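Commentary on secondary and tertiary structure
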Amino acid sequence: MRAAQAGVERRKLFDKLFVLLGLVVLVAAFAVLFALFLDLLRQGAPRLDWDFLTSYASRKPEQAGILAAWVGTSLIMVVTACVAMPVGVAAAIYLEEYAPKNWVTAIIEINVTNLAGVPSIIYGLLALGLFVYKLGLGQSILAAGLTLALLILPIVIVATREAVRAVPRPIREAAYALGATRWEVTAHHVLPYSMGGVLTGMIIGLSRAIGETAPIITIGALSFIAFLPTPPLTGEFPFLSFAWLKDAFTAMPIQMFNWVSRPDPGFRVNAAAAGAILLGMTLLMNGIAIWLRYRFRKKINW
Amino acid sequence: MVTPKSPAPFAKSIRRRRARDRVIESLLLLAGLVAVFTTLAIVWILVAEALPFFSHVPLADFLTDTMWTPLFAEPRYGILPLVAGTLVTTFVALALAIPAGTIIAIYLSEFASHRVRESVKPALEMLGAVPTVVYGYFALVMVTPFLQKLLPGLPGFNMLSAGLVIGIMIVPYVASVSEDAMRAVPNYMREGSYAMGATRLQTATRVVVPGALSGIAAAYILGISRAVGETMVVAVAAGLQPNLTWNPTESAATITSFIVQVSLGDLPHESIGYQSIFAAGLVLLVITLAFNIVGFALTRRFREAY
Amino acid sequence: MQMQISMPVEAQSLSDAPRGAIAETAPAKACASKLGFWYGNMQALKGLDMEIRDKRVTALIGPSGCGKSTFLRCFNRMHDLTPGTRYEGSIHLYPDDIDLVSRDVDPIEVRMRIGMVFQKPNPFPKSIFENVAYGLRVRGMRARALIEEEVEKALRDAALWDEVKDRLQSSGLSLSGGQQQRLCIARALATNPELLLFDEPTSALDPIATARIEELITALRERVTVLIVTHNMQQAARVSDYTAFMYLGELVEFDATSKLFTNPGRKATEDYITGRYG
């Protein structure tokens, strides 16, 4: 009896030790990263000012800024969002609401899963061969935006499918029973009720795209650009110009990569500052996405 | 009271709505097919651009030559050094990510309270969203100097530092996928174990982990695939010199960092150097594809089990 | 107490009168003949023949899994939404005599003429007004005033108007379970259906809410043809004029409710209504 007792005590001790181990590993993982982030912020702090945001790249680290980079990133994100959102949502709707159980559907499903696991640099090679050369888009904002759109397509599709699947079947049945067609059920009910999840997926996809470096290096983004793309708004009719789509560009992660690969410590500081801004942007986007998901989950209680 | 309806009173409006539905359905199908086109395009582009390379370099040389110097005056095209660099960084990454990820997963799934779990999971998710180039900066500017204090003589570019940072990077992924697998083990299995007098740890290691094994294996394998395909960390921190070595404290290029290095230069389209990155990309695609297929097959088997 | 609320005056008087006589006076609204239904290789309904009388309430009873809901869902082609299903035989809808389950008849058209209320209240997460207006909008109605008029009428018919008239813009999900179900009835009534299907409409409700729904169904009699699936034999006895007893996908017995419950013609029916199985 006493032996059993001792055994129980020992086993309980192991339990406690494991909890301790789990906490240590978890805290260590977060602490290491937190320390690194703080260090990034501290290193970059001297350059985090208005001039940094409004200056072009320069040979002199203390004069260099990220103007071309953040404008480039923003324009690329516009292209990416405009392509990935409709295509991704449409594909997800097809798979969830329309697709019959046949080989075409199976092939689409396999491809979506598979594309999610393809390394991003492969998308870069695809874009280099297809967009830059075969389609003749050149090393342009359009090519970069399309590349990143393809890259985040699986993320948008998976998130949208999950959101759409969360709409209960009885809601769909109610709409069908009133004589709605499949598209009416989708457009009037399924999509509006799952909008929170769809937006969340989109933001998470964009936050991934914003930090992607490898694919746009591959298509040949320049890291030294001292001009801005053609402005999308013009003074004369029709006030909108799409010439910027064909312009050369640089982007935030490219700029950071360029600076981090230079031996001059001054550029390291710039890299840290650019990294802090980039990191802030992705964490902010993810935070918004998580908050949105939480809010929508609370709002609709089926 | 009986108001006789004309036959098919809504027929006209229905025909119009049906027609609209059919148009929309084909558009949606087209969007779904984009995924298929993308895969086909990837294979097509990689093969088409690598073919001229292989007409120039015999496949046997490519697979067995121990030197990769495509940009030299006397170029050698052996993929082995790049594969070795990729394998070494991946191995270092896994040596960190698998134990840490598994412990975190077991802790979250079997020990942590609901509240802890609900706040840690989104935090893990956010760590997974950190741009890889930022992780590259960490590896080069912070982790390497730190490691140099422990291992004097460690070069400024080395695979150890890059591998460790990739490991940190994929910990959230490994933890989150394995945790999902463990949570899917039905509760009656745990209860059976508790009823026998087992502690939580015993239940976790003897019931839950074996029960979730294929899911956990899938997490590891998908983690490997990510580590193999990771680009920016190695491009920044591991060095760009192809080097056939199994020693992680040395500097070496990987498949991915070679592609980046060539892309940064200004190689003319149609040159053998340009074609060589597609050959390297093809190798990378084959390796990751193999891991992904095994990983997804395991996840599917796991989902079927419960 | 509850019996008193839910035993409608009309139903009581009916149970005194010989129901067979009424049955002959009411024309048929729908007629199922040799109706079969398949889920893949599994046959769920076998050779059903049954007439639904116009402006009467017909109840479908039987043990769970007997196919009564499956039968009900044939009338508005709900099964078309599940791949791998197949109908056999026919359900003719009168007076224009279309075959509801025919391949040549568009399920959308069928559903535009036949309303349905589900087991659990399933209002859309939209405003009360939009819930009721939805069917009208699908039918192409655009005039605001007309829609408002129809919505009010439907809500009155569903005995919900007085409770919601001051908050038509609040969410349909903010109502109680019983109110939600009446909202769903109003939603179906707004489209002026020729036949209204109820699939165990009170199984998710408390006794008081159940009583109100039963009252409502009784009041709908004479206005619309009702087909109701219920797992509750007392409910069938209270609200219906005709009852069909189904077992293992077949129609065992179909008769005036008073006759079926007092003097069943088949042993299986008697066993079921006396509680020997089911």
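Residues numbered from 1 in each chain as written. Chains lettered and ligands numbered in written order. Predicted model: local features only at pLDDT ≥ 70, side-chain atom pairs only at ≥ 80, totals over all residues. Heavy atoms only, no water.

A word on the overall build of chain B
Scanning chain B from terminus to terminus reveals twelve helices and zero strands. When the helices and strands of chain B are placed in sequence order, the string is α-α-α-α-α-α-α-α-α-α-α-α. Its C-alpha atoms give chain B a radius of gyration of 26 Å, clearly above 19 Å, the size a compact globule of 306 residues would have. Taking the principal axes of the C-alpha coordinates as reference, chain B spans close to 95 × 65 × 35 Å. For chain B, the proportion of its 306 residues judged to be buried stands at 54%. (Helix = DSSP H or I, 4+ residues; strand = E, 2+ residues; numbered from the N terminus. Rg over C-alpha atoms; globule rule 2.2 N^0.38 Å. Buried < 20%, exposed > 50% of the residue type's maximum accessible area, 1.4 Å probe, protein only.)

Brief notes about helix 9 (residues 213-229) of chain B
End to end, helix 9 of chain B covers 24 Å across 17 residues, agreeing with the expected 24 Å (1.5 Å per residue, within 8%). In terms of burial, helix 9 of chain B is largely enclosed, as 13 of its 17 residues are buried. (Expected span 1.5 Å × (residues − 1).)

Section: the domain arrangement of chain B
Residues and elements named next belong to chain B. Here chain B is described as being made up of domain 1 (11-56) and domain 2 (80-305). Here the C-alpha centroids of domain 1 and domain 2 sit 32 Å apart. Each partner contributes residues to the interface: domain 1 has ten residues there, and domain 2 has ten residues. Across the domain 1 to domain 2 interface the summed buried area is about 870 Å²; carbon plus sulfur atoms make up 84%. (Domains from an automatic or database assignment. Contact = heavy atoms within 4.5 Å. Buried area = accessible area lost by both parts, 1.4 Å probe.)

Re the packing of aromatic side chains
Per the counting criterion, the structure on display carries 19 aromatic pairs over all chains. Aromatic pair Phe62 of chain B and Trp68 of chain B: ring centres 6.2 Å apart, planes at 65°, arrangement edge-to-face. Look at Phe62 of chain B and you get buried, because its relative accessible area is 1%. We classify Trp68 of chain B as buried; its relative accessible area is 3%. Look at Phe37 of chain C and Tyr39 of chain C: their rings are 4.9 Å apart centre to centre, the planes differ by 85°, and that puts the pair in the edge-to-face class. (Phe/Tyr/Trp six-rings, centres within 6.5 Å; stacked < 30°, edge-to-face > 60°.)

Observations concerning the interface of chain A and chain B
Interfaces are often described in size by the accessible area the parts lose on coming together. Chain A puts 78 residues into the contact, and the matching count from chain B is 76 residues. A buried area of about 6,800 Å², summed over both sides, lies between chain A and chain B, and 78% of it is on carbon and sulfur atoms. Applying the counting rule to chain A against chain B returns three salt bridges. For the salt bridge of Lys134 of chain A with Glu49 of chain B, the shortest nitrogen-to-oxygen distance reads 3.6 Å. One can count 13 residue pairs in polar contact (both at pLDDT 80 or more) joining chain A with chain B. With 20 residues, the single largest contributor to the side of chain A that touches chain B is helix 1 (residues 2-44) of chain A. In the side of chain A that touches chain B, the residues fall into 52 nonpolar, 17 polar and nine charged. (Salt bridge = Lys/Arg side-chain N within 4 Å of Asp/Glu carboxyl O. Polar contact = N/O pair within 3.5 Å; in protein donor to acceptor, adjacent residues only side chain to side chain. Nonpolar A, V, L, I, M, F, W, Y, C, P; charged D, E, K, R; others polar.)

Quick notes on the state of the cysteines
The term disulfide refers to a covalent linkage connecting the sulfur atoms of a pair of cysteines. All names here are of chain C. A complete count under the given rule lists zero disulfides over all chains for this structure. Between Cys31, a cysteine without a disulfide, and Cys74, which holds the nearest cysteine sulfur, the sulfur-to-sulfur distance is 14 Å. Given the relative accessible area of 15%, Cys31 is considered buried. (Disulfide = S-S within 2.5 Å.)

What about the pattern of salt bridges?
When charged atoms on two side chains of opposite charge get close, those side chains can pair. Residues and elements named next belong to chain C. This model, assessed by the stated rule, comprises 38 salt bridges over all chains. A salt bridge links Arg73 to Asp199; its shortest N-O distance comes to 3.6 Å. Of this pair, Arg73 sits in helix 4 (residues 68-75) while Asp199 sits in strand 7 (residues 195-199), placing them 126 residues apart in sequence. This pair shows no difference in class: Arg73 is buried, exactly as Asp199 is. Through salt bridges with shared partners, a single network forms among Lys29, Asp96, Glu109, Arg113 and Glu194.

Side note on the sheet that holds strand 4 (residues 85-93) of chain C
Residues and elements named next belong to chain C. As summarised here, the arrangement of the four strands in space is 2-1-4-5, forming an open sheet in which the pairing is antiparallel. Each of the sheet's edge strands pairs with one partner strand only, and the pair in question is strand 2 (42-53) and strand 5 (98-99). Bridge count for strand 4 against strand 5 is two bridges, and the pairing is antiparallel. Note on strand 5: the bridge partner recorded for Leu93 is Ile98. (Pairing = 2+ DSSP bridges.)

What about the packing of helix 3 (residues 80-111) of chain B against helix 9 of chain B?
Between two packed helices, the angle of one axis relative to the other and the distance separating the axes together describe the packing. Residues and elements named next belong to chain B. At a closest axis distance of 9 Å, the pairing of helix 3 and helix 9 adopts a crossing angle of 140°. In terms of orientation, helix 3 lies oblique with respect to helix 9. As for the relative orientation of helix 3 and helix 9, their crossing is right-handed in sense. Along the contact surface, helix 3 presents Thr86, Thr90, Ala93, Leu94, Ile98 and Thr102, while helix 9 presents Tyr220, Gly223, Ile224, Ala227 and Val228. In terms of residue class, the contact of helix 3 with helix 9 is made up of seven nonpolar, four polar and no charged. (Axes fitted to C-alpha atoms, helices over the stretch in contact; angles between N-to-C directions. Parallel < 35°, antiparallel > 145°, perpendicular 65-115°, else oblique. Left-handed = near helix turned anticlockwise from the far one by under 90°.)

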